[in-house]
Amino acid sequence: MKTQKKRQPMGKQSPEERVKNFNEVALGYSHLQAVAEAQRCLGCKKKPCVEGCPVEIDIPSFIHFIADGDFNSAIKKMKEKNNLPAICGRVCPQETQCEILCVLGKKGEPEAIGRLERFVADWETENFNPSPSKIKIDQKNKGRVAVVGSGPAGLTCAADLARMGYAVKVFESLHETGGVLRYGIPEFRLPKGVVNREVEYVESLGVEIVTNVLVGRSITIEELFKEGFQAIFIGTGAGLPMFLRVPGENLNGIYSANEFLTRINLGKAYLFPKYDTPISIGERVAVIGAGNVSMDSARSSLRLGAKEVSIVYRRSEVEMPARKEEIENAREEGVVFHLLTNPLEFMGDENGWVKKMKCIRNRLGEPDESGRRRPVPIPHSEFIMDVDTVVIAIGQSPNPLIPQTLPGLKLGRRGNIQVDEETGKTDIEGVFAGGDIASGAATVIAAMGAGKHAARAIDEYISKKTKV
Amino acid sequence: MYPIISKKTLAEGIHHLDILSPLVASHAQPGQFVIIRVDNNGERIPLTIFNYNRQKGIVSIIFQEVGETTEKLALLKEGDSLTDFLGPLGVAMKEEFVGTVVSVGGGVGTASLFPKTRAFKELGNRMISIIGARTKELLILEEEMRGISDELYITTDDGSYGRKGLVTDVLKEILSLGEKVNLVVAVGPVIMMKAVCLVTKPFKIKTLVSLNPVMVDGTGMCGSCRVSVGGETKFTCVHGPIFDGHKVDFEELMRRNRRFLKEEKLAIKHFGQRKG
């Protein structure tokens, strides 16, 4: 049988329809599509795709089971390594990780690994409760570990440790679990029902999660050790939003992307006043920055009723950090891109609401330390954009809370926690860290990979200690 | 869930709740606050910590009905529970012996002033307290403040109790009479804190204020509570809530506190309809 060059297309809500709702945009594969797509896999012996997966999923094996229609074995294979497949199948940048290494990609489109991952995870949810991949775990006698933060890094670390036989307690500061999966990524890209189910799965492994506890304030790391936790994993995420530091930035109507998205996703402001958390949005919205968070903010703005939504980015199209898929989705929905453009100042009306944004045009110069070409302002190219709402999505700096309350913790130049990359070990014995708090803002899957490595290192650390 | 152990109404629309939260009670310090949610559809709002009992694990808050969430909170009774209660948040006040301290409280701000005043008093400072309200019925914590102050002055806007006028009138008088004051601590409506700072500035007396901007997470994540202090943007939740009042841009704070005025009105209307 000749291998199909093209992958199975995935259904999506039409752009006209989806900008009117917060429902998921991508609709997922049918059984037939999934089997057909799985049958494209060459089943390479060397498994190059696995090399690209931060959580080491045995990709050809789970796909092989799908091709055979044995979805039950496929999800079991998946969950040997990945505790959160319904999430990863939706938000991982597979195109730059596993799929880019796929041999099929040399002559056609690579295997749609992410879509199959999503398919098999959703199949399990639809067909089983409790899940068939639920595994029986030995007595929790290997030790006690505290995990700080219930985002992708924390959940992964906790789940892996629980499976190894540790009693794990996760401390979350918000009132709901999931971290960025909950407050950051919108419903239309990652439904919160999916997050709930994945968190329930982690809890089913024996992990205890407590909310409303801010480690560093409600309880300190030192106190956790005193309470008998033998190791602590810090996965507190990216932290404080960065601003442009230009005049007028504190005018009303200017949000950080974190505030904007947290109001919408965690507070369900799109259902206001049924839910109490408000959001105020004008007709013309400018989102500054071009990462995934920017696309999420722009697309959320459209769904909240904004008439004209722009992405304003200082570099050009090729440097945009967002996933291609998300940029395409945003374009289809009518988001306008102002590239090579940088805000210089915000101007408000007499009541202090932002109304205008002074920008300057850039050209690309020599590459900077990130390897991307540096934006250089073009003299006398200033112009004014009319805006009613601005969302600043230019990144975050680490939250200083835990470092402040844990003397001796070594920090990097940007205030992130310094760790050994392989193990997540910090300078303090028994304290490990991973995800954005250690690496700076990255992806969900990178954080999960870090959580996985740290779990392994924590097991090693505690095993060694208890032997002595 | 965080049960309400007891509830008292201190004045029209101002209530005192004792809430069971051993973790917050065991770590709370003067100057810190909590973030609460009343129910599952609720908004996160910050409330100042009035008092705490570490043995009993109880945290006391005093709040005024000013919006939908606080109205909902006021409907709860002893035995009911709050859905969420996170804290203690913010940087604790660094109280020290300085000599004479004037504590200035306006309205429900006096609740936040109380633990600060007590902390300074316990370190041996001479405490002059000035508390004010619109009218006699709205004055709170008179006896509590009297118990920890060397001198206590009371003002009401309408003269129904204490002196007629503003807290700043008394403050101005004390300073003009040459009283040597080493520090002023002020908590109350933004406009009052601004006025206090205007009074103390010419006397070059350090003035601490405790700010109350709109917050979401309260842990540094969102920047909703950003304020300009000495020309720099600070996050009230992690850098504050206590700042050097002479450096705070109060105009900006007042403006930013009006960001959701329109939505708040809608929410209260909606809430009223649901209540019937």
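Source: prediction; values computed, not measured. (Residues numbered from 1 in each chain as written. Chains lettered and ligands numbered in written order. Predicted model: local features only at pLDDT ≥ 70, side-chain atom pairs only at ≥ 80, totals over all residues. Heavy atoms only, no water.)

Re the environment of Gln94(A)
All names here are of chain A.
Step number 1: Structurally, Gln94 can be placed in the loop between helix H6 (85-91) and helix H7 (113-127).
Step number 2: A C-alpha to C-alpha distance of 37 Å links Gln94 and Glu345, two positions 251 residues apart in sequence.
Step number 3: When sequence neighbours within four positions are dropped, the list of residues in contact with Gln94 reads Cys88, Gly89, Glu99, Ile100, Gly114, Glu117 and Arg323.
Step number 4: A distance of 3.0 Å separates a polar atom in the side chain of Gln94 from the backbone oxygen of Cys88. (Helix = DSSP H or I, 4+ residues; strand = E, 2+ residues; numbered from the N terminus. Contact = heavy atoms within 4.5 Å. Polar contact = N/O pair within 3.5 Å; in protein donor to acceptor, adjacent residues only side chain to side chain.)

Comments concerning the interface of chain B and chain A
Step number 1: Contacts between chain B and chain A engage 48 residues on the former and 41 residues on the latter.
Step number 2: Overall, the association of chain B and chain A removes approximately 3,700 Å² of surface from exposure, summing both partners, and the carbon and sulfur fraction of that is 53%.
Step number 3: Inspection of the region where chain B meets chain A yields two salt bridges.
Step number 4: Our count for the contact surface shared by chain B and chain A stands at 26 residue pairs in polar contact (both at pLDDT 80 or more).
Step number 5: Elements supplying a minimum of two residues to the side of chain B that touches chain A: helix H1 (22-27), helix H2 (68-75), strand S7 (84-89), strand S14 (226-229), strand S15 (232-235), helix H7 (236-239), helix H8 (250-256) and helix H9 (261-275) of chain B.
Step number 6: If one sorts the elements of the side of chain B that touches chain A by residue count, S7(B) sits on top with six residues.
Step number 7: The residue makeup of the side of chain B that touches chain A, split by class, is 16 nonpolar, 16 polar and 16 charged. (Buried area = accessible area lost by both parts, 1.4 Å probe. Salt bridge = Lys/Arg side-chain N within 4 Å of Asp/Glu carboxyl O. Nonpolar A, V, L, I, M, F, W, Y, C, P; charged D, E, K, R; others polar.)

Here we look at the domain arrangement of chain A
All names here are of chain A.
Step number 1: With domains assigned, chain A is organised as domain 1 (11-129), domain 2 (134-239 + 397-467) and domain 3 (243-394).
Step number 2: Computed from C-alpha atoms alone, the centre-to-centre distance between domain 1 and domain 2 is 26 Å.
Step number 3: For the domain 1 and domain 2 pair, buried surface summed over both sides reaches about 2,200 Å², with 66% attributable to carbon and sulfur atoms.
Step number 4: The interface formed by domain 1 and domain 2 includes one salt bridge.
Step number 5: For the salt bridge of Arg456 with Glu56, the shortest nitrogen-to-oxygen distance reads 2.8 Å. (Domains from an automatic or database assignment.)

A closer look at the pairing of strand S2 (residues 14-20) of chain B
If a strand is regular, its side chains alternate between the two faces of the sheet.
Residue and element names in this part refer to chain B.
Step number 1: With six of seven residues buried, S2 is to be regarded as a mostly interior element.
Step number 2: Pairing of strand S1 (residues 2-11) with S2, which is carried by six bridges, proceeds in the antiparallel orientation. Bridged to Ser6 within S2 is Asp18.
Step number 3: If you look at the hairpin formed by S1 and S2, you'll find two residues sitting between the two strands, and Gly13 has a positive phi there, around 80°.
Step number 4: For S2 and strand S5 (residues 58-64), the ladder comprises seven bridges, and the chain directions are antiparallel. Within S5, the position partnered with Leu17 by the bridge is Ile61. (Buried < 20%, exposed > 50% of the residue type's maximum accessible area, 1.4 Å probe, protein only. Pairing = 2+ DSSP bridges.)

A short note on H7(A)
Residue and element names in this part refer to chain A.
Step number 1: Helix length check: H7 (15 residues) gives 21 Å between terminal C-alpha atoms against 21 Å at 1.5 Å per residue, within 8%.
Step number 2: The buried count for H7 comes to 11 of 15 residues, which makes it a mostly enclosed element.
Step number 3: Those residues of H7 not exposed but buried are Ile113, Gly114, Leu116, Glu117, Arg118, Phe119, Val120, Ala121, Asp122, Trp123 and Glu124.
Step number 4: Close packing links the buried residues of H7 with strand S2 (26-28), helix H2 (31-38), helix H3 (48-51), helix H4 (59-67), helix H5 (71-81) and H6. (Expected span 1.5 Å × (residues − 1).)

Things to note about helix H8 (residues 152-164) of chain A
All names here are of chain A.
Step number 1: Its 13 residues place the ends of H8 18 Å apart at the C-alpha level, agreeing with the 18 Å of an ideal helix rising 1.5 Å per residue.
Step number 2: Where burial is concerned, most of H8 is hidden: 11 out of the 13 residues are buried.
Step number 3: Turning to H8, its buried residues number three or more, namely Pro152, Ala153, Gly154, Leu155, Thr156, Cys157, Ala158, Ala159, Asp160, Leu161 and Ala162.
Step number 4: Where H8 terminates, the next one or two residues include Gly165, which has phi positive at roughly 105°.

Examining the pattern of salt bridges
Residue and element names in this part refer to chain A.
Step number 1: Taken as a whole, this structure holds 45 salt bridges over all chains when the rule is applied.
Step number 2: As a salt-bridge pair, Glu95 and Arg323 come within 2.9 Å of each other at their nearest N and O atoms. Separated by 228 residues along the polypeptide, Glu95 in the loop between H6 and H7 and Arg323 in the loop between strand S10 (308-312) and helix H14 (324-333) bring together distant segments of the chain.
Step number 3: When its relative accessible area of 27% is taken as the criterion, Glu95 is described as partly exposed.
Step number 4: The exposure class of Arg323 is buried, given its relative accessible area of 6%.
Step number 5: The salt bridge partner of Glu317 is Arg331, with a shortest N-O separation of 2.9 Å. Residue Glu317 is found in the loop between S10 and H14, and its partner Arg331 is found in helix H14; the two are separated by 14 residues along the sequence.
Step number 6: Taking relative accessible area as the criterion, Arg331 reaches 39% and is therefore assigned partly exposed.
Step number 7: Counted as one network, the salt bridges with shared partners bring together Lys12, Arg18, Arg189, Asp296, Arg299, Arg303, Glu326, Glu332 and Glu333.

Topic: the domain arrangement of chain B
Residues and elements named next belong to chain B.
Step number 1: What the domain assignment reports for chain B is domain 1 (2-89) and domain 2 (100-257).
Step number 2: A separation of 21 Å is found between the C-alpha centroids of domain 1 and domain 2.
Step number 3: Summed over both partners, the interface of domain 1 with domain 2 comes to about 1,700 Å²; 68% of that surface belongs to carbon and sulfur atoms.
Step number 4: In terms of surface lost to domain 2, no three residues of domain 1 exceed Gly31, Phe33 and Phe50, which account for 29% of the buried area on that side.
Step number 5: The tally of links from domain 1 across to domain 2 stands at zero salt bridges.
Step number 6: On the surface where domain 1 and domain 2 come into contact, there are four residue pairs in polar contact (both at pLDDT 80 or more).
Step number 7: With five residues, the single largest contributor to the side of domain 1 that touches domain 2 is strand S4 (residues 45-53).
Step number 8: Residue classes in the side of domain 1 that touches domain 2 are distributed as 13 nonpolar, four polar and two charged.

Focus on the packing of aromatic side chains
Step number 1: For the structure shown, the criterion picks out 10 aromatic pairs over all chains.
Step number 2: Measuring from ring centre to ring centre gives 6.2 Å for Phe243(A) and Phe235(B), while their planes differ by 90°; the resulting arrangement is edge-to-face. In this pair, Phe243(A) sits in the loop between strand S7 (240-241) and strand S8 (254-256) while Phe235(B) sits in strand S15, so the two residues belong to two different chains.
Step number 3: Given the relative accessible area of 5%, Phe235(B) is considered buried.
Step number 4: Ring pairs connect the aromatic residues Phe22(A), Phe188(A) and Tyr270(A), which therefore count as one cluster.
Step number 5: A cation over an aromatic ring shows up here: Lys79(A) above the ring of Tyr201(A), its NZ or CZ 3.6 Å from the ring centre.
Step number 6: Above the plane of the ring of Phe188(A) lies Arg303(A), whose end atom (NZ or CZ) is 3.9 Å from the centre. (Phe/Tyr/Trp six-rings, centres within 6.5 Å; stacked < 30°, edge-to-face > 60°. Lys NZ or Arg CZ within 6 Å of the ring centre and 35° of its normal.)

Some details on the sheet that holds S2(B)
All names here are of chain B.
Step number 1: The strand order across the open sheet formed by seven strands is S6-S1-S2-S5-S4-S3-S7, and the pairing between neighbours is antiparallel. Since the sheet does not close on itself, it has two edges, and those belong to strand S6 (81-82) and S7, each with one partner.
Step number 2: In terms of strand pairing, S4 meets S5 through four bridges, oriented antiparallel. Paired with Tyr52 across the two strands is Val59, which belongs to S5.
Step number 3: Across the sheet, H2 lies against S1, S2, strand S3 (33-37), S4, S5 and S6, angled at about 125° from S5, the strand it touches most.
Step number 4: Docked against the sheet, helix H3 (residues 109-122) engages S4 and S5, running at close to 40° with respect to S4. (Axes fitted to C-alpha atoms, helices over the stretch in contact; angles between N-to-C directions.)

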